[in-house]
Amino acid sequence: LGCLLTSTGKTLPKWGSDQDEVSCNSNYHQFDDRQHVWNVENIYYPKLPNATFSHLAPSFLSRFVELHRVMLDINAALKPKEGEVT
């Protein structure tokens, strides 16, 4: 379509479950793509086959490694307070 789904900042009424209004913005070059991540909760399209994505779920080990990598990155970014001796 050549456009980016964006939120207008307006909330739909009760019939819209109080969700944000969404529009298609053709000026997508001015947006940072990392700020436009959508969580799709449900898709209904009868022509699509039923599929499961359980094989894509991360293993315990990969989640464990990711968690520790993130903790190390956060700890490395911490800076001592002014006047604090480390």
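Residues numbered from 1 in each chain as written. Predicted model: local features only at pLDDT ≥ 70, side-chain atom pairs only at ≥ 80, totals over all residues. Heavy atoms only, no water.

Q: How should the overall build of the chain be read in this particular structure?
A: Each helix and strand counted, the chain has one helix and two strands in total. Expressed as a percentage of the 86 residues in the chain, the buried residues total 5%. Accessible surface computed for the chain: about 8700 Å², of which carbon and sulfur atoms make up 57%. (Helix = DSSP H or I, 4+ residues; strand = E, 2+ residues; numbered from the N terminus. Buried < 20%, exposed > 50% of the residue type's maximum accessible area, 1.4 Å probe, protein only. Areas by Shrake-Rupley, 256 points an atom, 1.4 Å probe, with all protein chains shown as cover.)

Q: Explanation requested: a nonpolar patch on the surface in the structure shown.
A: Together, Phe60, Leu61, Phe64 and Val65 make up a nonpolar patch on the protein surface, roughly 430 Å² of accessible area in all. Looking at the element boundaries, valine 65 is found in helix α1 (residues 60-77). (Patch = residues over 30% accessible without salt bridge, like charges linked within 9 Å, V, L, I, M, F, W, Y side chains within 5 Å. Salt bridge = Lys/Arg side-chain N within 4 Å of Asp/Glu carboxyl O.)

Q: Would you mind showing me how to read the environment of leucine 4 here?
A: By the element assignment, leucine 4 lies in strand β1 (residues 4-11). Assessed through its relative accessible area of 16%, leucine 4 is described here as buried. The spacing of leucine 4 and serine 23 is 19 residues in sequence and 8.2 Å in space, taken between C-alpha atoms.

Q: Looking at this model, I keep getting lost on the confidence of the model for the chain. Mind explaining?
A: Parts of the model with low pLDDT should not have their predicted coordinates read in detail. With 81% of its residues at a pLDDT of at least 70, the chain reaches an overall mean of 79. Of all the helices and strands in the chain, β1 carries the lowest mean pLDDT, 77, while α1 carries the highest, 93. (pLDDT = per-residue confidence, 0-100.)

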